[in-house]
Amino acid sequence: MPHPVMFSDDDFGLAQLRTLALAFPAAFEKVSWGRPVFCAPKMFAMYGGNLKSADGMVAFPHALLVKVDESDRRSLEQDDRFFFPAYMGPFGWLGLDLTAAEVDWVEVGELLDASFRLVASKKLIRQLDER
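Residues numbered from 1 in each chain as written. Predicted model: local features only at pLDDT ≥ 70, side-chain atom pairs only at ≥ 80, totals over all residues. Heavy atoms only, no water.

### Comments concerning the overall build of the chain
Within the chain one finds four helices and six strands. For the chain, the α and β elements follow one another from N to C terminus as α-β-β-β-β-α-β-β-α-α. Computed over C-alpha atoms, the radius of gyration of the chain comes to 14 Å, within 12% of the 14 Å expected from 2.2 N^0.38 for 131 residues, which places it in the range of a compact globule. Counting every position in the chain, which comprises 131 residues, the buried fraction comes to 45%. Sequence separation of 24 or more characterises 49% of the internal contacts of the chain that already satisfy a separation of 6 or more. Surface summary for the chain: the accessible area is close to 7,500 Å², and the carbon and sulfur share equals 56%. Here the chain holds 14 positive side-chain charges and 19 negative ones, and the gap between their average locations is 11 Å. (Helix = DSSP H or I, 4+ residues; strand = E, 2+ residues; numbered from the N terminus. Rg over C-alpha atoms; globule rule 2.2 N^0.38 Å. Buried < 20%, exposed > 50% of the residue type's maximum accessible area, 1.4 Å probe, protein only. Contact = heavy atoms within 4.5 Å. Areas by Shrake-Rupley, 256 points an atom, 1.4 Å probe, with all protein chains shown as cover. Lys, Arg positive; Asp, Glu negative; His and termini not counted. Charge placed at Lys NZ, Arg CZ, Asp CG, Glu CD.)

Below, the structure written as structure tokens:
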């Protein structure tokens, strides 16, 4: 049974996120697990996520999930806007709650860039660097 769609095209921040994420070489969007996922061809970002807590799942419907380098993880985890996403956190991902504070879209672009570089091929990274 497929996941229900858990977003709307007019969700907060999704249009801006699409603009940034789809600008990466070979980037495309698909819906997985009921959420927009950005790939090139491996997944480098997702819109929306959940946090597993003692009280159950806490939804973050307006969040950006990105893969982070271990060297950046500790400092990002100190920021209250970030959370350890259910299912993906153990695989090196963090979530940024886009509603926790005014969104710094330059920061979002940097997070996307770092995540893209962790999963993209050398060829795609070279194309990105040549821009």
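### Some remarks on the pairing of strand S3 (residues 43–53)
The pairing of strand S2 (residues 35–39) with S3 spans three bridges and is classified as antiparallel. When the bridges of S3 are listed, cysteine 39 appears paired with methionine 43. The antiparallel hairpin formed by S2 and S3 contains three residues in its connecting segment. Sheet topology places S3 next to strand S4 (residues 56–67); eight bridges connect them, and they run antiparallel. Within the sheet, the bridge partner assigned to methionine 46 lies in S4 and is leucine 65. Counted between consecutive antiparallel strands, the loop separating S3 from S4 contains two residues. (Pairing = 2+ DSSP bridges.)

### Observations concerning helix H4 (residues 122–129)
Taken together, the buried positions of H4 are Leu124, Ile125 and Leu128. Looking straight down H4, one finds that the buried residues subtend no more than 100° of arc, so they occupy a single side. The exposed residues of H4 that point more than 90 degrees off its buried face are Lys122 and Lys123. Against the buried residues of H4 lie helix H3 (105–119). (Arc of directions from axis to C-beta.)

### What about the pattern of salt bridges?
Within this structure, the stated rule accounts for eight salt bridges. Taking the shortest distance from any N to any O, the salt bridge between aspartate 129 and arginine 117 comes out at 2.6 Å. Of this pair, aspartate 129 sits in helix H4 while arginine 117 sits in helix H3; the two residues are twelve residues apart in sequence, bridging distant segments of the chain. Looking at aspartate 129, the relative accessible area reads 47%, which means it is partly exposed. Classification of arginine 117 by relative accessible area gives partly exposed; the value is 32%. Linked through salt bridges whose partners overlap, the residues forming this network are Asp9, Arg18 and Glu29. (Salt bridge = Lys/Arg side-chain N within 4 Å of Asp/Glu carboxyl O.)

### Brief notes about the nonpolar core
Judged by nonpolar contacts, the single largest core of 29 residues is most densely connected at Phe44, Val108, Leu112 and Phe116. Counting residues per element, the ones that place at least two in this core are helix H1 (14–21), S3, S4, strand S6 (93–97), H3 and H4. Residue contributions to this core peak at five residues, all from H3. Apart from the residues lying within four places of it in its own chain, the contact partners of phenylalanine 116 are Phe24, Pro25, Ala40, Phe44, Leu124 and Leu128. Membership of the second largest hydrophobic core comes to ten residues, among which are Met43, Met46, Ala63 and Leu65. (Core = buried A, V, L, I, M, F, W, Y, C linked by side-chain atoms within 4.5 Å.)

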